[in-house]
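Now for the letters of each chain:
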Amino acid sequence: VVHVVESKNWKDVSDLGAVYTTWGCHAYGKKVHGEKLPHIFSKRMAKSNLAVKNEPTREFDLLDGDDFFNYFGGMVAAITTHSGEQKPAYVPSTSDVDHVETLSLHEEASRVMRAKVCNPKWIEGLKRHGYRGAKQVASMVSYAFGWSATTDIIDDWMYNNIANRYAFDQENADWMREVNPWALHSIAESLLEAHQREMWNASDEDVEKLRKIYIELEGSF
């Protein structure tokens, strides 16, 4: 799923659900060893009432890598595709077995956004790592876009915070221009695509500012 999202060669969530089905429909049993059974897999997805992905650690979150939205987001997309509607998705945290906390996928995304993405201490820590730190910021934005594409859990306020803190903040943007301009270019590209696909209801002013950043950096490479 992640490769299709990155390729931009998809129209809507049903395309992503179809890809997840194609790659996830291999069955295993007493007399079946990896046989592709998309029709049975589709029926299982259609009958699913919810999706659950346990998180055993707080060392990583859903914006730390693309595996999370690739597999769990992809499953949610498949359920949406085959059932005709998006079903509830939950992320139980068992990092503390004495206090198991279960949040909806949207609640978990909101928690990560407020605790990390909107926290100035996060980018200040990344600045010590120069090129690699800026790349991590750009990756975070692409992972948020992946979640938006597969599950629609990234709200306008989340996109607005990403744009304001990383693309429009002069200090942070200039830092990326200096250490890794490709990262800032990637952020602008992801945000513009989110707007074009109507996943983010951005203001005309913000869209124009992003276009200027994109064109400026595109012409400097």
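Parameters at a glance
- Residues numbered from 1 in each chain as written.
- Predicted model: local features only at pLDDT ≥ 70, side-chain atom pairs only at ≥ 80, totals over all residues.
- Heavy atoms only, no water.
- Helix = DSSP H or I, 4+ residues; strand = E, 2+ residues; numbered from the N terminus.
- Rg over C-alpha atoms; globule rule 2.2 N^0.38 Å.
- Buried < 20%, exposed > 50% of the residue type's maximum accessible area, 1.4 Å probe, protein only.
- Contact = heavy atoms within 4.5 Å.
- Core = buried A, V, L, I, M, F, W, Y, C linked by side-chain atoms within 4.5 Å.
- Expected span 1.5 Å × (residues − 1).
- Phe/Tyr/Trp six-rings, centres within 6.5 Å; stacked < 30°, edge-to-face > 60°.
- Pairing = 2+ DSSP bridges.
- Axes fitted to C-alpha atoms, helices over the stretch in contact; angles between N-to-C directions.
- Patch = residues over 30% accessible without salt bridge, like charges linked within 9 Å, V, L, I, M, F, W, Y side chains within 5 Å.
- Areas by Shrake-Rupley, 256 points an atom, 1.4 Å probe, with all protein chains shown as cover.
- Salt bridge = Lys/Arg side-chain N within 4 Å of Asp/Glu carboxyl O.

(A) Seen up close, the overall build of the chain. Helix and strand content of the chain: 11 helices and five strands. For 221 residues, the compact-globule estimate of 2.2 N^0.38 gives 17 Å, and the C-alpha radius of gyration of the chain, at 19 Å, lies within 12% of that figure. Summarising its shape, the C-alpha atoms of the chain cover approximately 60 × 45 × 30 Å along the three principal directions. For the chain, the proportion of its 221 residues judged to be buried stands at 48%. Taking all contacts inside the chain whose residues are at least 6 apart in sequence as the whole, residues at least 24 apart take part in 67%.

(B) Broad picture of the nonpolar core. In terms of nonpolar packing, the biggest core is built from 67 residues, with Leu63, Trp147 and Tyr166 touching the most fellow members. With residues near it in sequence (within four places) discarded, tyrosine 166 still touches Lys116, Val117, Trp122, Ile123, Val137, Met140, Ala173, Met176, Leu184 and Ile187.

(C) Focus on helix α7 (residues 130-151). Taking 1.5 Å as the rise per residue, α7 with 22 residues should run 32 Å; its terminal C-alpha atoms sit 32 Å apart, in good agreement. Positive phi appears at aspartate 152, one or two residues downstream of α7, with a value of about 60°.

(D) Summary view of the packing of aromatic side chains. Summed over all chains, the structure comprises six aromatic pairs. Ring centres of tyrosine 20 and phenylalanine 41 lie 6.1 Å apart, and the angle between their planes is 40°; this geometry places the pair in the tilted category. One end of the pair, tyrosine 20, is in helix α2 (residues 13-24); the other, phenylalanine 41, is in helix α3 (residues 38-47), with 21 residues separating them in the sequence. Ring geometry for phenylalanine 68 against phenylalanine 72: centres 6.2 Å apart, planes inclined by 40°, an arrangement best described as tilted. With phenylalanine 68 and phenylalanine 72 both in helix α4 (residues 67-83) and four residues apart, this pair spans about one turn of that helix. Just as phenylalanine 68 is buried, phenylalanine 72 falls in that class too. Linked through ring pairs, Phe68, Phe69, Phe72 and Trp147 together constitute an aromatic cluster.

(E) Highlighting the sheet that holds strand β3 (residues 51-52). Across the sheet, which stays open at both edges, the three strands sit in the order β3-β4-β5 with mixed pairing between neighbours. Two strands bound the open sheet, and with one partner strand each, they are β3 and β5 (101-104). With four bridges connecting them, strand β4 (residues 89-93) and β5 associate as antiparallel partners. Across the sheet, serine 93 pairs through a bridge with glutamate 101, a residue of β5. Across the sheet, helix α5 (residues 105-117) lies against β4 and β5, angled at about 95° from β5, the strand it touches most.

(F) Region of the structure containing the environment of alanine 163. Among the secondary structure elements, alanine 163 is positioned in helix α8 (residues 156-167). In this structure alanine 163 comes out as buried when scored by relative accessible area, which is 0%. Expressed as a C-alpha distance, the spacing of alanine 163 and aspartate 206, which sit 43 residues apart in the sequence, is 8.1 Å.

(G) Up close: a nonpolar patch on the surface. A surface patch of nonpolar side chains, about 250 Å² in accessible area, is lined by Leu50, Val52 and Tyr90. Along the chain, tyrosine 90 turns up in strand β4. The exposure class of tyrosine 90 is partly exposed, given its relative accessible area of 31%.

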